[in-house]
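The residues making up each chain are set out below.
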Amino acid sequence: MKRRDFVKACAATAILVHHNPMLLANDRNRSHLHEPVRLVDFEGNPIRPGDLQPHVNYVFRYPYECTPCFLLDLNRPTEANVRLKTENGADYVWRGGVGPKRSIVAYAAICTHRLTHPTEHVNFIAYRQSRNPEADPAANRIVCCMEYSSYDPARGAAVTSGPAPSPLTGILLDYDEEADEIHAVGITSEDILDRFFDHFEMQLELSYGSLAKARAPVSGTATVVPLDEYTGNDMPC
Ligand code: FES
């Protein structure tokens, strides 16, 4: 590991452990650290929790240049310390939402079934709010319209229905109360992102010029945009 990368990894570890001493308590809970990045808007201003409209899909790229993530304010406290398992059987603990209401969550926007994800042209996966949640089993879920997998964003994106073999990859967020800023600091597992790179290798090389460029770590800041600005065609189920 280069010295610069080592310093970044140490900084990420310090932030995570400061806020999550449980990470040291149990190997099974170890998360995957990446360079901490500040979430910002188009003009480079930090995203404040109060800037996010509840139940609106926002997208940013993390931890790599080509991996899209959802940012959501669920407008209610989420569960905390939810125990989950990846397809490969690895246990981990999803810590819960951040922000003043502990309602802000982020996940890789990549379905764990067949890796459906938003592109600039079209999108089939998103958080869907229903006006009548009691009559709609998919209400307030992240739903992939390809084969109807759904995930509960208030419980670490655990699978609630459909063929998805594991939860969406969690993006670890850190809320700096004093600065009123949100940082992305890591992910819950590399499994799905590794599958994503393998599966889309050729498309990524064409789009980014090389796989190395597609897989370049996001550095410093990550720009958050509403989903309907990220994609030209958001398809409901
Ligand atoms: S790709 Fe998402 S359910 Fe099949």
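As the structure is a computational prediction, the values presented were derived from the model and not from experiment.

**Q** I would appreciate a short explanation of the packing of aromatic side chains in the present structure.
**A** Where two aromatic rings form a pair, the distance of their centres and the angle of their planes describe that pair. Under the counting rule described, the total for this entry stands at 4 aromatic pairs. Each ring, one from Y64 and one from F197, has its centre 5.3 Å from the other, and the planes form 75 degrees; the classification is edge-to-face. Residue Y64 is located in the loop between β2 (58-61) and β3 (68-73), and its partner F197 is located in helix α3 (residues 191-199); the two are separated by 133 residues in the primary sequence. Here Y64 and F197 have matching classes, each one buried.

**Q** Mind showing me how you'd approach the nonpolar core here?
**A** Across soluble globular proteins, you tend to see nonpolar side chains buried next to one another. Residues L39, F60, Y62, L71, I171 and L173 are the most contacted members of the largest nonpolar core, which totals 33 residues. Those elements giving two or more residues to this core turn out to be β1 (32-40), β2, β3, β6 (104-108), β11 (171-176), β12 (181-187) and α3. In terms of residue count, α3 provides more of this core than any other element does, 4 residues in total. If we ignore the near neighbours within four places in the chain, the residues touching F60 are L39, T67, P68, C69, F70, L71, A106, I171, A184, A222, T223 and V224. Core analysis: the second largest hydrophobic core is formed by 26 residues, V82, L84, V105 and Y107 among them.

**Q** How should I be thinking about the environment of V82 in this particular structure?
**A** If you trace the backbone, V82 turns up in strand β4 (residues 82-85). V82 gets classed as buried once you look at its relative accessible area, which sits at 2%. Separated by 13 residues in sequence, V82 and R95 place their C-alpha atoms 6.6 Å apart. Residue contacts for V82: discarding those within four places in its chain leaves Y92, V93, W94 and R155.

**Q** Could you clarify how one ought to interpret the state of the cysteines in this entry?
**A** In a disulfide, the sulfur atoms of two cysteines are covalently bonded to one another. This model, assessed by the stated rule, comprises 1 disulfide. Note that C145 is cross-linked by a disulfide to C237, the S-S spacing being 1.9 Å. Because the torsion about its S-S bond is -90 degrees, the bridge between C145 and C237 counts as left-handed. Placement of C145 in the loop between β8 (141-144) and β9 (149-152) and of C237 in the segment after α6 (227-230) is noted, with a sequence separation of 92 residues between them.

**Q** Would you explain the layout of surface pockets in this entry?
**A** Unfilled space is identified by rolling a water-sized probe across the atoms. Taken as a whole, the largest pocket spans an internal volume of roughly 510 Å³. As for the largest pocket, its lining consists of 22 residues, of which H117, P118, T119, E120 and S207 are closest to the centre. Within the residue set of the lining of the largest pocket, elements represented by two or more residues are α4 (201-208) and α6. Ranked by the residues each element gives to the lining of the largest pocket, the list is headed by α4, at 4 residues. Split into classes, the residues belonging to the lining of the largest pocket amount to 13 nonpolar, 6 polar and 3 charged.

**Q** Help me understand the sheet that holds β6, please; the structure alone is not making it clear to me.
**A** Picture the strands of a sheet paired through backbone hydrogen bonds; they go either parallel or antiparallel. If you trace the 4 strands from one edge of the open sheet to the other, you get β6-β3-β2-β14, paired in antiparallel fashion. Whereas interior strands pair on both sides, the edge strands pair on one side only; in this sheet they are β6 and β14 (225-226). Relative to β14, β2 is paired through 2 bridges, and the arrangement is antiparallel. Bridge pairing in β14 places V59 opposite V225.

**Q** Would you take a moment to explain the pairing of β12 for this structure?
**A** Residues in a regular strand project their side chains so that they alternate between the two faces of the sheet. Most of β12 sits out of view: 7 of its 7 residues are buried. Across 6 bridges, β11 lies against β12 in antiparallel orientation. In the sheet register, D174 faces β12, and the bridge partner there is H183. Following β11, the chain reverses through 4 residues before pairing antiparallel with β12; D180 in that reversal takes a positive phi of roughly 55 degrees.

**Q** Where do I start with α3 in this structure?
**A** An α-helical turn contains 3.6 residues, so a residue and the one three or four places further along point in the same direction. Inspection of α3 places I192, L193, F196 and F197 among the buried residues, and these make up the whole buried set. The buried residues of α3 occupy an angular sector of 140 degrees when projected down its axis, which confines them to one face. Exposed residues lying more than 90 degrees from the buried face of α3 are D198 and H199. Against β6, β12, α4 and α5 (211-214) lie the buried residues of α3.

**Q** Mind showing me how you'd approach unusual backbone geometry here?
**A** Excluding glycine, most residues fall at negative phi; most peptide bonds, likewise, are trans. Omega for the bond connecting Y62 with P63 falls within 30 degrees of zero, at -10 degrees, which places this linkage in the cis form. By the secondary structure assignment, P63 is in the loop between β2 and β3. Phi is positive for H55, close to 70 degrees, though the residue is something other than glycine. Relative to the helices and strands, H55 is located in the loop between β1 and β2. Not every positive phi belongs to a glycine, and Y148 is a case in point at roughly 65 degrees.

About the thresholds
Residues numbered from 1 in each chain as written. Predicted model: local features only at pLDDT ≥ 70, side-chain atom pairs only at ≥ 80, totals over all residues. Heavy atoms only, no water. Phe/Tyr/Trp six-rings, centres within 6.5 Å; stacked < 30°, edge-to-face > 60°. Helix = DSSP H or I, 4+ residues; strand = E, 2+ residues; numbered from the N terminus. Buried < 20%, exposed > 50% of the residue type's maximum accessible area, 1.4 Å probe, protein only. Core = buried A, V, L, I, M, F, W, Y, C linked by side-chain atoms within 4.5 Å. Contact = heavy atoms within 4.5 Å. Disulfide = S-S within 2.5 Å. 1 Å grid on protein atoms, 1.4 Å probe; cavity = no way out; pocket = protein on both sides within 12 Å on 5 of 7 lines; lining within 4 Å. Points joined across faces, edges and corners; volume = space filled by probe spheres on them. Nonpolar A, V, L, I, M, F, W, Y, C, P; charged D, E, K, R; others polar. Pairing = 2+ DSSP bridges. Arc of directions from axis to C-beta.

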